[in-house]
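Listed below, chain by chain, are the residues.
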Amino acid sequence: MREEDWKTLITLYECRNLTRAAKEMYLSQPTLTKQLHRIESELGLTVVKRSNKGVTFTPEGEYLVHQARKITELIQETKKNVWKMCGGTGGTLKIGTSSSFARAQLPRLLSAYSAINGQVKFKVTVMLSGEVLEAVRNETVQIGFVNGDRKHNEKQVLCSYGYAYAVANRPIEKNDLLGMDMIMHNRDQYSKDIFERWWKNNFSEPMRIGTIVQDIDTSLKWVSDGLGYGVIYSNCFNESDNFFKLPLLDNDGRPIRRNTWAICRRDCAELPLIADFMDYIEKTGPIGAE
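Below, the structure is looked at part by part. What you are looking at is a predicted structure, and each value in this text was computed from that prediction instead of being measured.

Rules of the game
Residues numbered from 1 in each chain as written. Predicted model: local features only at pLDDT ≥ 70, side-chain atom pairs only at ≥ 80, totals over all residues. Heavy atoms only, no water. Helix = DSSP H or I, 4+ residues; strand = E, 2+ residues; numbered from the N terminus. Buried < 20%, exposed > 50% of the residue type's maximum accessible area, 1.4 Å probe, protein only. Polar contact = N/O pair within 3.5 Å; in protein donor to acceptor, adjacent residues only side chain to side chain. Core = buried A, V, L, I, M, F, W, Y, C linked by side-chain atoms within 4.5 Å. Contact = heavy atoms within 4.5 Å. Salt bridge = Lys/Arg side-chain N within 4 Å of Asp/Glu carboxyl O. 1 Å grid on protein atoms, 1.4 Å probe; cavity = no way out; pocket = protein on both sides within 12 Å on 5 of 7 lines; lining within 4 Å. Points joined across faces, edges and corners; volume = space filled by probe spheres on them.

1. Some points on the side chain of Q142
Note on placement: Q142 falls in the loop between α7 (129-137) and β5 (143-147). Looking at Q142, the relative accessible area reads 11%, which means it is buried. Among the polar contacts listed, one links the side chain of Q142 to the backbone nitrogen of K94, at a separation of 2.7 Å.

2. Things to note about the nonpolar core
V167, L177, F195, W198, W199, Y229 and L248 are the most contacted members of the largest nonpolar core, which totals 33 residues. Of all the secondary-structure elements, those providing two or more residues to this core are β6 (155-168), β7 (182-185), α8 (189-202), α9 (216-224) and β9 (230-233). Considering each element in turn, this core owes the most residues, seven residues, to β6. Among residues more than four places away in sequence, those in contact with L248 are A164, Y165, A166, F195, W198, V231, R254, P255 and I256. In terms of nonpolar packing, the next biggest core, distinct from the first, is built from 23 residues, L110, F145, C264 and F277 among them.

3. A closer look at the pattern of salt bridges
Applying the stated criterion across every chain, the model contains 15 salt bridges. Between D252 and R254 there is a salt bridge, with its nearest N and O atoms 3.1 Å apart. Salt bridges linked by common partners bring R2, D5, R38 and E42 together as one network.

4. So, empty space enclosed by the protein
Inspection of the entire model under this criterion finds two cavities of 30 Å³ or more. Estimates place the volume of the largest cavity at around 40 Å³. In terms of lining, the largest cavity is formed by A164, R187, S191, I194, F195, V231, Y233, L248 and I256. For the lining of the largest cavity, the secondary-structure elements that each account for two or more residues are α8 and β9. Considering each element in turn, the lining of the largest cavity owes the most residues, three residues, to α8. Surrounding the second largest cavity, M182, M184, R187, S191, K192, F195 and E196 form its lining. For the lining of the second largest cavity, the secondary-structure elements that each account for two or more residues are β7 and α8. Of all the elements, α8 adds the most residues to the lining of the second largest cavity, at four residues.

Here it is, written out as structure tokens:
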């Protein structure tokens, strides 16, 4: 069994519900169910019994959870000891990041940190913010850059913030959005909800989703060519971007702000390289973009 399988059993045991466990792990319920079936098939036994009230662990499943806790603790202790043996603040830092932060601010942050710690190398993986948080929890990455104020128990440091804008290649007013297509790039539900709430507070008509594209750069290219408008945060823009920006305001007339956090596991926060990088972000302070 893989390390993530042991963590899946622990999470499911704590939630006792497939839907809640899937949400906790930022997975779809079918994906979690498929993973559970694979575990049961590999072991040749039934781990849980399903009912309308949730899941009940079999005696074999209870034993597996007991072992899973000991195994994950041993894996974590082993990793920490190896990292401590390496010593210093050199090595490779595995980073997970949203595409928007990777686009505009992460390169400058890594460049500035490299200037004072030339021993460090970076392995960066771009994914949705919800996936970044799960990757930190699963230790697929050591540091995650996550958009939005999300519930979790890991260590976090505010590293950036920006304000929401509707952007187009020409001047627009708020009511113009009713007759325009929105060019939506791939983002998780948390980020979608922010704009959907704003829309419902301002319009009775549904928004027009014109095209859904893979990433923010593709979205801005379509906007630049006049195919619709996008919703972008100010800390996602590059200096070369040239768009008309319509600020999105909340019900009190204040700009809608979104924070970006650097996150690491609490039990890894004192490891030399991770601690040094997080301390650097905290001392530098959050980068704001109007």
